[in-house]
Amino acid sequence: MLCLGIESSCDETGLALVRDGKLIAEKLASQVDVHAVFGGVVPEIASREHLRVLPVLLRELLKEQNLTIDDIDVVSVARGPGLLGCLLMGLSFAKGLVLSSRAKLIGVNHLWAHLTAAGLEQDLQFPSLGLLVSGGHTHIYLIESPSQFTLLGRTLDDAAGEAFDKTAKSLNLPYPGGKLVDDLGRQGVVDKKLFPVPYINNDNLDFSFSGLKTAVANYVNQHSGLRLDVMGVPEDGAEDSVISEERKNMLASFNYTVGRTLEVKVERALQRNRGVKSLIVAGGVAANSVVRSVMADVAAKISIPLVLPSMHLCTDNGAMIAYAGYLMASAGCRHDLDLEAIPRGRVVPSDWICEG
């Protein structure tokens, strides 16, 4: 079975081919440079970029593999959650391909695809506990199969990735700033008491990072020398080693606080779901070095394997959509052409048509 995956939920246009569960080719067009001048994603521009590059990437992908559209058995597409205009670009493109070929259509839950992406590199064991940490979501799931996800906890306001983005923005670090926060933080010394560990004095599995975001903003306002201007120069004059080290220490402490928050909630979830066979951590923030280290320690405490996708599979990509579509098609599931895009804020329904 040859499955084409299409990812266009935000600012990455990804296409990939998975044959019988193995990734054979992929293409990715990043829009980072396009949006960097605005300091964040502009939805209308992102949608137009998807429209522009999707046919180009597909032609390149098929040509390099000496394939045609008629060779594709399944077209899987990210149907949500995401930016509505961006999702519609990918979904419309997918439907056009299905209409012009014999392929089946599969709409993929973008969040679930992140958590099953590691299956491209290793066997997944179920049931598993899944932690999704990305720019817009911080969710904990009980995963019983590639199509059975039970949401145990979620972010109530800002997600972990948003806290990273806003911390970077408060210092005027270049967009996207999450990787810089990680890189600079690794060079600093952690002060475990600098920032409050948010929303852990309760008995639930939900997250709230808005308080941490505010604490960071207040700290930066009180230490204005930490903030860079638009040219990367400190606002109050020339950089010196003391200020540079203070910035690194602040970011080290921020990374620690995010990691500690995730640690508390994931340990709590594992205590309540003792039968799980692995801990899966995925999403863009799963590339953060502190998060990876902390989650490794959490898994080791109860002697279960930690499943982490490779760095390139942590961010949005077509491979994870192709693989998720392959899994669903292998189970005899598909969608009709009335498949809807689901924007952020709405629950993606499990409305597949399953045969046999």
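Figured I'd write up the structure that's included with this text.

1. Considerations on the sheet that holds strand β5 (residues 104-109)
Here's step 1: If you walk across this open sheet you meet the five strands as β3-β2-β1-β4-β5, and the pairing is mixed. Two strands lie at the open edges of the sheet, namely β3 (22-30) and β5, each paired on one side alone. Within this sheet the neighbouring strands show an average axis-to-axis angle of 20°, counted without direction.
Here's step 2: Across eight bridges, strand β2 (residues 12-19) lies against β3 in antiparallel orientation. For T13, the partnering residue across the bridge sits in β3 and is A29.
Here's step 3: Against the sheet, helix α2 (residues 43-64) touches β1 (2-7), β2 and β3, its axis set at about 30° to β2.
Here's step 4: On the sheet, helix α11 (residues 318-330) packs against β1, β2, β3, β4 (74-80) and β5 and is oriented at approximately 135° with respect to β1.

2. Comments concerning the sheet that holds strand β6 (residues 128-133)
Here's step 1: As summarised here, the arrangement of the five strands in space is β8-β7-β6-β9-β10, forming an open sheet in which the pairing is mixed. Edge strands, defined here as strands with exactly one partner in the open sheet, are β8 (148-153) and β10 (306-307).
Here's step 2: Across six bridges, β6 lies against strand β7 (residues 138-145) in antiparallel orientation. Within β7, the position partnered with S128 by the bridge is I143.
Here's step 3: Against the sheet, helix α9 (residues 289-301) contacts β6, β9 (279-282) and β10, and its axis sits at roughly 170° relative to β9.

3. Let's talk about α11
Here's step 1: Taking 1.5 Å per residue as the helical rise, α11 with its 13 residues ought to reach 18 Å, and the 18 Å between its terminal C-alpha atoms agrees with that figure.
Here's step 2: Within α11, 12 of the 13 residues are buried, which leaves the element mostly enclosed by the surrounding structure.
Here's step 3: For α11, every residue scored as buried is listed here: G318, A319, M320, I321, A322, Y323, A324, G325, Y326, L327, M328 and A329.
Here's step 4: Capping of α11 at its N-terminal end is provided by N317; its side-chain oxygen lies 3.1 Å from the backbone amide nitrogen of A319.
Here's step 5: After α11 finishes, the residue G332 shows a positive phi value of roughly 85°.

4. Topic: α9
Here's step 1: The end-to-end C-alpha distance of α9, which contains 13 residues, comes to 19 Å, matching closely the 18 Å that a straight helix rising 1.5 Å per residue would cover.
Here's step 2: Residues of α9 that are buried: V291, R292, V294, M295, V298 and A299.
Here's step 3: Looking one or two places after α9, you find S303, whose phi comes out positive at around 60°.

5. Brief notes about the pattern of salt bridges
Here's step 1: Evaluation of the coordinates by the stated rule reveals 14 salt bridges.
Here's step 2: Each member of the salt-bridge network shares a partner with another, and the members are R260, E263, E267 and K301.

6. Here's the deal with unusual backbone geometry
Here's step 1: Omega for the bond connecting G80 with P81 falls within 30 degrees of zero, at -5°, which places this linkage in the cis form.
Here's step 2: Assignment of secondary structure puts P81 in the loop between β4 and α3 (84-99).
Here's step 3: In the Ramachandran plot, D20 falls in the positive-phi region, its phi being about 50° despite a non-glycine side chain.
Here's step 4: Relative to the elements of secondary structure, D20 occurs in the loop between β2 and β3.
Here's step 5: Its identity is not glycine, yet Y199 carries a phi of approximately 55°, on the positive side.
Here's step 6: With respect to the helices and strands, Y199 occurs in the loop between α6 (178-185) and α7 (210-222).
Here's step 7: Looking at Y199, the relative accessible area reads 32%, which means it is partly exposed.

7. Topic: the pairing of β1
Here's step 1: Judged by how many residues are buried, β1 sits mostly within the fold: six of six residues are covered.
Here's step 2: Alternating residues of β1 divide into L2, L4 and I6 and C3, G5 and E7, and every residue in both groups is buried.
Here's step 3: In terms of strand pairing, β1 meets β2 through six bridges, oriented antiparallel. Considered in β2, the bridge of C3 is made with V18.

8. Brief notes about the packing of aromatic side chains
Here's step 1: Applying the stated criterion across every chain, the model contains seven aromatic pairs.
Here's step 2: When the centroid spacing of 6.3 Å and the interplanar angle of 50° are considered together, the rings of W112 and W352 count as tilted. Placement of W112 in helix α4 (residues 110-116) and of W352 in the loop between β11 (333-334) and β12 (353-354) is noted, with a sequence separation of 240 residues between them.
Here's step 3: Residues F164 and F254 carry aromatic rings whose centres are separated by 5.0 Å and whose planes lie at 85° to one another, so their mutual orientation is edge-to-face. Of this pair, F164 sits in helix α5 (residues 160-170) while F254 sits in helix α8 (residues 241-272), placing them 90 residues apart in sequence. Both residues of the pair, F164 and F254, belong to the buried class.
Here's step 4: Grouping aromatic residues by their ring pairs yields a cluster made of W112, Y141, F149 and W352.

Conventions we followed
Residues numbered from 1 in each chain as written. Predicted model: local features only at pLDDT ≥ 70, side-chain atom pairs only at ≥ 80, totals over all residues. Heavy atoms only, no water. Pairing = 2+ DSSP bridges. Helix = DSSP H or I, 4+ residues; strand = E, 2+ residues; numbered from the N terminus. Axes fitted to C-alpha atoms, helices over the stretch in contact; angles between N-to-C directions. Contact = heavy atoms within 4.5 Å. Expected span 1.5 Å × (residues − 1). Buried < 20%, exposed > 50% of the residue type's maximum accessible area, 1.4 Å probe, protein only. Polar contact = N/O pair within 3.5 Å; in protein donor to acceptor, adjacent residues only side chain to side chain. Salt bridge = Lys/Arg side-chain N within 4 Å of Asp/Glu carboxyl O. Phe/Tyr/Trp six-rings, centres within 6.5 Å; stacked < 30°, edge-to-face > 60°.

The quantities given are spatial measurements derived from coordinates; they are silent on function.
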